[in-house]
Structures are given as C-alpha cells and as structure tokens.
Amino acid sequence: MASWVLSECGIKPIPQIFPKPRTGFISNSAKNAATFPKNGFLHENNKFSDPKFTLCSVSFNGVSRNRKWVTKVSAPSRIAFLESNEEKKTVYGVNEGKEDIEFDYGSPPPFKLGDIRAAIPKHCWVKDPWRSMSYVARDVAIVFGLALSAIYLNKWFVWPLYWVAQGTMFWALFVLGHDWRISHRTHHQNHGHVENDESWHPWNRSPGKTGSHFDPNSDLFVPNERKNVITSTVCWTAMAALLVGLSFVIGPFELIKLYGVPYWGFVMWLDLVTYLHHHGHEDKLPWYRGKEWNYLRGGLTTLDRDYGWINNIHHDIGTHVIHHLFPQIPHYHLVEATNAAKPVLGKYYRAPKKSGPLPFYLIGDLIRSLKQDHYVSDTGDVVYYQTDPQLGGSVKSKE
C-alpha cells in the first residue's frame, strides 16, 4: 500500500548529486522548512522544491489527507566555509565574491619557475649557431640592400619608404644582439622591481636613478663590470668616429638620409616595443618591492604583443613573457615555447590582441597608458601605476 501511495504521488528516487547523501522526507511546515545560505550556489529563504514532488490527496475509508513532501539532503561540507556576502577571498589570484570574480595579477602564482621550464620541449633550449648566424647575415644583407636601392633610385617618394624600412631593420639587428648589454641583463634579472629594474622602471615621487651608461664608475654598474663598460664606450666612440668620417666622404646631408633618419626610426621602435611590453594593458600591472618581489613574479608582469607582419622581421620579440623568464631560449623557438607554457601560466598569461598586417592598434594602447600610467607610490611592496592629474587623464588608478 505504501509503495502504491508514493507512486500515485509521483515520487521517484533522488539522483545522487553528492557522495552518499542521507535522504528522507519531512513535513513542509514553516517551522522546519529547508533553507540554505545565500552565499555561493544555494539561496536563502527559498524553500527546496522539485517538480517531481507534488501535493497529492490520498483517501483512506472516506478520509482525505493532504500532505506536502520535501527532500532532506545533507549538504556538502563546503557550505560551512562559504564567506559572507560582504567578503571576498583570494585564492591563487581569484577573488570570489557574491556577484563577480576578479583576478588579482599581483597575487603569488600557484606554480613555480620549474613548472614552466618542464612544460617547454627540450629542443626549444638548443641553440644552433649556424641558424642563429643566418639571421644575422639575412638582416645585414637587407640593410645594405635597402641602402644601395635608395641611393640608386634616389627619388623623393623612395626615401620615406626607405627610412621606415631601414629603421625597422636597424631594430631587428638590435633584437638579435640586445641581450649582450649589461644594463639589459640587469633589466631581465630585476624585471618588475620598482627600484632595481633598469628599463622603463616606474617613477616615484622621490628622486629616481642617477648615472651614465658611458661612465664605468657609475652607480648603474657593479665594480666587476667596469671593463665591459669601457669596452662598450670604446666601440660606441669608434662608431661615432666612423660616421663623422663618412660625412666628409658623402656629405652630412646624405649621411642623415642614409643613416640619421633610420636611426631615429630604430629609437622609436626600441622605445615603443620596450614600453608596451611593460605597460598599457587594460588591467593594471603590479610592481614589487622587498620580499614581495621574486624573479617569477617580476617576469609575469611583462606582456606579449602581436605585431602582425613585423613579428618575423624583428624575430618574434613579441613573445616577451617567455623571453623574459628564459632569455637563453633562442628567438626561433620562442613561439613554440610560449604555446607550451600557456597551460601552466593560466590567467597569469595575458593573451595579446590580434594585430592586422601592421600593428596600428598599439598606438591606442600607448596613448591610453601615457595618459594614465604616471607614477607608483613611494610606499608599499605591491604597487600599481597611478595618474597624476597635472599630467592629464581622468581615470582613477588602482592604489
């Protein structure tokens, strides 16, 4: 009889949602109605109901009884640890709140540098000297080919095209050899550190770094780097002397057309690329001090950028995150290494915007950053760029 009554009421076995649930039926009175916390995935003051369980009328010897049935299911232990609506909890960079989920790029990552290294295929670490030098030979040949073509054609409309192309090739040559520089190596070793970073480190309200890259006794260098600084300065002086000599041979105006203008194009590429690999993301990038900084967290503050057709020309320098973490990886393996590391990096990797043939979209990112990213606080171990109202921009920066 009991089974007939239950079947007539439409009651069916409850599917196992939680491991080994305790189930039963209780009367649905106001006193003991089932309610659950509003936080998380269960909602407050909503009586537990299911279309399978309906009000039924059963008659025994002419007596009709109405009864409502609800399930009594033990909730998983996770509910006891849910926080109040006003609180947020950060777990590996994720803030869990009532209505939103915000990723905190400044939180310590749940992985280590060794985890990223292990995800990268072994052949990506192998340097091929012949292949490496082939890129040098290619770039040098293009540089001389562009110069000879411009001299031979010598048309007014050719020179602007030459300046853009040659400036880009100067930049490509720099990319191949830039890791040799002391100051750039210091930048890699201290990326994301407010005081110790060497390239495009943020301004403080207090005075910044002082010193000259041509002075071997500068505070920018340690004593054992003195000989290397002297060698660099001698080479720079020799190049300057060569250009002065060339100006007497071909004339200063021709030298400016052949070398001077493309050189400024190279400087523009250098500043644009270096700046946008460390600035200009929609989410503010953290900078660190003291114990909050380490090599991995600093490297994760860098950005990858897509340069369209220019990616191949300047040797995939847009794959900047892996280049910063592992500068020993040859540039011709950076794309593969980046793709292999993405699953480990998770949300700490900020995928670049897709570029058209030419990366004109970067102009907007540059302008927005220059309006907003002005300085960081003199205090605090995890800081973000703030906006100086006197320099322009009205967007309130993250403290």
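Residues numbered from 1 in each chain as written. Predicted model: local features only at pLDDT ≥ 70, side-chain atom pairs only at ≥ 80, totals over all residues. Heavy atoms only, no water.

An unreviewed UniProt entry lists the chain under the name Omega-3 fatty acid desaturase, with Rehmannia glutinosa given as the organism. For the record of the chain, the UniProt heading Subcellular location (unreviewed entry) holds the text "Membrane". Note on the chain: under the UniProt heading Sequence similarities (unreviewed entry), the record states "Belongs to the fatty acid desaturase type 1 family." (UniProt positions renumbered as here; feature names shortened; annotations may be inferred.)

(A) Region of the structure containing the packing of helix 7 (residues 252-276) against helix 12 (residues 361-372). Here helix 7 crosses helix 12 at 70°, and the two axes come no closer than 11 Å. The pairing of helix 7 with helix 12 is recorded here as roughly perpendicular in orientation. Where helix 7 crosses over helix 12, the handedness of that crossing is left-handed. Residues L272, Y275 and L276 of helix 7 pack against L362, D365, L366, S369 and L370 of helix 12. Here the residues of the contact of helix 7 with helix 12 are counted per class, giving six nonpolar, one polar and one charged. (Axes fitted to C-alpha atoms, helices over the stretch in contact; angles between N-to-C directions. Helix = DSSP H or I, 4+ residues; strand = E, 2+ residues; numbered from the N terminus. Parallel < 35°, antiparallel > 145°, perpendicular 65-115°, else oblique. Left-handed = near helix turned anticlockwise from the far one by under 90°. Contact = heavy atoms within 4.5 Å. Nonpolar A, V, L, I, M, F, W, Y, C, P; charged D, E, K, R; others polar.)

(B) Here's a closer look at the side chain of D306. Structurally, D306 can be placed in the loop between helix 8 (295-299) and helix 9 (310-313). Although buried, D306 forms no salt bridge, and the nearest oppositely charged side chain, K354, lies 4.0 Å from it. One polar contact links the side chain of D306 to the main-chain amide nitrogen of G308, over a distance of 3.1 Å. Engagement of the side chain of D306 in a polar contact is seen with the side chain of N311, the distance being 2.7 Å. Sequence-distant contacts of D306, defined by excluding residues within four places in its chain, comprise N311, P352, K353, K354, S355, P359 and Y361. (Buried < 20%, exposed > 50% of the residue type's maximum accessible area, 1.4 Å probe, protein only. Lys, Arg positive; Asp, Glu negative; His and termini not counted. Salt bridge = Lys/Arg side-chain N within 4 Å of Asp/Glu carboxyl O. Polar contact = N/O pair within 3.5 Å; in protein donor to acceptor, adjacent residues only side chain to side chain.)

(C) Structural detail: the nonpolar core. One finds I116, I322 and L345 to be the most contacted residues of the largest nonpolar core, which totals 19 residues. Elements represented by at least two residues in this core include exactly helix 10 (320-325) and helix 11 (334-345). A total of four residues in this core trace back to one element, the largest contributor, which is helix 11. Within the second largest apolar cluster, 16 residues are counted, among which are F170, V175, V267 and Y307. (Core = buried A, V, L, I, M, F, W, Y, C linked by side-chain atoms within 4.5 Å.)

(D) A look at the packing of aromatic side chains. Summed over all chains, the structure comprises 16 aromatic pairs. Arranged with centres 4.9 Å apart and planes meeting at 75°, the rings of F103 and Y105 form a pair that is edge-to-face. Judged on exposure class, the residue F103 and its partner Y105 are both buried. Both rings, one in F174 and one in F266, keep their centres 5.5 Å apart while their planes meet at 55°; by these two values the pair is tilted. Taken together, the positions of F174 in helix 4 (residues 158-177) and F266 in helix 7 put the pair 92 residues apart, joining distant regions of the chain. A residue is classified by how much of its surface remains accessible, and F266, at 10% relative accessible area, is buried. The rings of F170, W171, F174, Y259, Y263, W264 and F266 are connected pair by pair, giving a single aromatic cluster. Positioned over the ring face of Y105 is R350, at 4.2 Å from the centre of the ring. (Phe/Tyr/Trp six-rings, centres within 6.5 Å; stacked < 30°, edge-to-face > 60°. Lys NZ or Arg CZ within 6 Å of the ring centre and 35° of its normal.)

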